[in-house]
Amino acid sequence: MQYRCSTCQQFFDTLQTDLTGGVCPACNHQFPGMFAGKQVRDFYIIGELARGANGVVYVAQQPLLRRDVALKLIINELSSERENIEQFFAEARAVARINHPNIVQALAAGVDESGVCFFAMELIEGESLEHKLDEYGALDFAEAMHIAARISDAMSFAWRRAKLVHGDIKPANVLITAKGEPKLADLGQAHFCDENSQIDSLMATPLYVPPELVRGEYDKIGAKTDIYSFGAMLYELFAGEPPFFSLDMDEVLQMQLSDKPQPLKSRLGFFDERLSDFIDMMLAKNPDLRPDNWNRVADFMRKIELRTKIKGR
């Protein structure tokens, strides 16, 4: 894993450079984040990577195993509430239950001696799908189908294994490795739909939220709510923007409730008609009209991906 100093822009390998002081060896700049340079259990924190609703993710070293990790720590102002701590560790448990090559893997979780709650995950060398879309726009068809097939397979596995609902499928939560493999991340909104579960809230992202959640119908949360969000993300991979887009998020939510997206086959021209119709089905306002389950989605995406590969030979 290479880390870049935000001040001098120098790159260096965290496993080959002594960074445990949280200071750039080239310019002595202190790395960002209140925990930079500190130790949590056997993890030495280098600098901040990202922030979410309930935690800050840092790049950290685990010297004994000679590996870099993504270390998530609960946001300080949330750490005094038991409910917030339970939600923080619920993500760790969710990730730990799903061992799939296209889902970011859990490594460790706990509370250190000073009371800091932590969750260590594999560190992905690459970029988010959101950054890739922002940088280059719509993806090449074959690349988009590769991502579609792998993420739908991961969700199919997660549903079969644990009836897991991700709760926030979107490009920002898909990481692309240096080898081009997608990995689904950020299970902070994840839920398990077993017979004892009762979900009374879900903080989904407006651009990808299904209409039933806009209406607050949390009793309908299940595989089909994720399938809608996945359909909205796929639409963006091919079109370069989500099916409903506005800078006004209230307007986006209203469109999720009442508007129909323009089919990709008419928007783009020469687009695979079967795939366009299937994405329209995933984006159906009525959950009953969406694909029945993740197995069906994954099977369809694999077939389209295989057909694309055969045509490309």
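Just so we're clear, the structure is a prediction, and the values are computed from it rather than from any experiment. (Residues numbered from 1 in each chain as written. Predicted model: local features only at pLDDT ≥ 70, side-chain atom pairs only at ≥ 80, totals over all residues. Heavy atoms only, no water.)

1. Thoughts on the overall build of the protein
The criterion, for reference: Helix and strand assignments follow DSSP, with helices taken as H or I runs no shorter than four residues and strands as E runs no shorter than two, numbered in order from the N terminus. Contacts between residues were defined by any pair of non-hydrogen atoms, one from each residue, lying within 4.5 Å. Accessible surface is estimated by sampling points in the Shrake-Rupley manner with a 1.4 Å probe; for residues, cover comes only from the protein chains shown.
Within the protein, the secondary structure is distributed over nine helices and 13 strands. Considering only intrachain contacts with a sequence separation of at least 6, the fraction spanning at least 24 residues in the protein is 57%. Surface accessibility of the protein: about 15300 Å² in total, with carbon and sulfur atoms responsible for 48%.

2. Examining the nonpolar core
The line we're drawing: By convention a nonpolar core is built from buried Ala, Val, Leu, Ile, Met, Phe, Trp, Tyr and Cys residues, the set being connected through side-chain atoms within 4.5 Å. Each residue is placed in one exposure class: buried if its accessible area under a 1.4 Å probe, protein chains only, is under 20% of its type's maximum, exposed if it is over 50%, and partly exposed if it falls in between.
Counting residues in each nonpolar core, the largest one holds 63 residues, and the members touching the most others are Leu-129, Leu-164, Phe-230, Ile-279, Met-282 and Met-301. Once residues lying within four places of it in the same chain are set aside, the contact partners of Leu-164 are Ala-94, Ile-98, Met-155, Ala-158, Trp-159, Leu-187, Ala-190, His-191, Phe-192 and Asp-226. The next biggest cluster of nonpolar side chains, apart from the first, holds twelve residues, and it includes Val-69, Leu-71, Val-116 and Phe-118.

3. Overview of the sheet that holds strand β3 (residues 39-40)
Inclusion rule: Note: two strands are recorded as paired if DSSP finds a minimum of 2 bridges between them. Whenever a helix is involved, its axis is fitted only over the stretch in contact; in every case the axis is a line through C-alpha atoms, and angles between N-to-C directions fall within 0 to 180 degrees.
The strand order β3-β4-β5-β6-β8-β7 describes an open sheet built from six strands, whose pairing is antiparallel. Only two strands of the sheet have a single partner each, and these edge strands are β3 and β7 (106-111). The strands that helix α1 (residues 82-97) touches are β6 (67-74), β7 and β8 (117-122); relative to β8, the one it contacts most, it runs at about 25°.

4. Here's the deal with the confidence of the model for the protein
Quick note on the threshold: The predictor attaches a confidence to each residue, and that confidence, scored 0 to 100, is pLDDT.
In the predicted model, the protein carries a mean pLDDT of 86, and the fraction of residues at 70 or more is 83%. When mean pLDDT is taken per element in the protein, helix α8 (residues 273-282) scores highest with 98 and strand β1 (residues 2-4) scores lowest with 51. Scored below 50 in pLDDT, residues 15-21 makes 17 contacts in the model with residues more than four places away or belonging to other chains.

5. Topic: the side chain of Asp-226
Put simply, the test is: The charged-residue count follows a simple rule in which Lys and Arg add positive charge and Asp and Glu add negative charge, with His and chain termini not counted at all. By convention in these notes, a salt bridge is any Lys or Arg side-chain nitrogen within 4 Å of a carboxyl oxygen on Asp or Glu. Contacts described as polar in this section are N or O atom pairs within 3.5 Å, which, within protein, must combine one atom able to donate a hydrogen with one able to accept it, while residues neighboring in sequence count only if both atoms come from side chains.
Its location among the elements puts Asp-226 in helix α5 (residues 223-239). The buried charged residue Asp-226 lacks any salt bridge, with Arg-290 as its nearest oppositely charged partner at 9.3 Å. A distance of 3.0 Å separates a polar atom in the side chain of Asp-226 from the backbone nitrogen of Gly-167. With residues up to four places along the chain from it excluded, the contact list for Asp-226 reads Met-155, Leu-164, Val-165, His-166, Gly-167, Asp-168, Ile-169 and Trp-294.

6. Points about the environment of Ala-298
Among the secondary structure elements, Ala-298 is positioned in helix α9 (residues 294-312). With 147 residues separating them in the primary sequence, Ala-298 and Ile-151 have C-alpha atoms 8.2 Å apart. Non-local contacts of Ala-298, meaning those with residues more than four positions away in its chain, are made with Ser-152, Asp-153 and Ser-156.

7. Here we look at the packing of α5 against α9
Stated formally: Note on terminology: angles under 35 degrees are roughly parallel, angles over 145 are roughly antiparallel, angles of 65 to 115 are roughly perpendicular, and the others are oblique. Under the scheme applied, nonpolar residues are Ala, Val, Leu, Ile, Met, Phe, Trp, Tyr, Cys and Pro; charged residues are Asp, Glu, Lys and Arg; polar residues are all the others, including Gly.
Contact pair α5 / α9: the axes reach a minimum separation of 10 Å and the direction vectors enclose 25°. As summarised for this structure, α5 and α9 are arranged roughly parallel, according to the angle between their axes. Contacts between α5 and α9 involve Ala-223, Asp-226, Ile-227, Phe-230 and Leu-234 from the first element and Trp-294, Val-297 and Met-301 from the second. Looking at the contact of α5 with α9 residue by residue, the classes come out as seven nonpolar, no polar and one charged.

8. A closer look at α9
Condition: Given the number of residues in a helix, its expected span is that number minus one, multiplied by 1.5 Å. Each direction from the helix axis to a C-beta atom contributes to the arc, which is the arc of those directions.
In this model, α9 (19 residues) spans 27 Å end to end at C-alpha, consistent with the 27 Å of a helix rising 1.5 Å per residue. For α9, the complete set of buried residues consists of Trp-294, Val-297, Ala-298, Phe-300, Met-301, Ile-304 and Glu-305. The arc that holds every buried residue of α9, seen down its axis, measures 165°, which confines them to one face. Its side-chain oxygen at 3.1 Å from the backbone nitrogen of Asn-295, Asn-293 defines the N-terminal cap of α9.

9. Some remarks on the pattern of salt bridges
Counted by the stated rule, this structure contains 18 salt bridges. Glu-91 is the salt-bridge partner of Lys-72, the closest N and O atoms lying 2.7 Å from each other. Of this pair, Lys-72 sits in strand β6 while Glu-91 sits in helix α1; the two residues are 19 residues apart in sequence, bridging distant segments of the chain. With its nearest N and O atoms 3.2 Å apart, the salt bridge here joins Asp-153 to Arg-302. With Asp-153 in helix α3 (residues 141-162) and Arg-302 in helix α9, this pair connects stretches of sequence that are 149 residues apart. The class for Asp-153 is partly exposed, based on a relative accessible area of 27%. Overall, Arg-302 belongs to the partly exposed group, its relative accessible area being 37%.

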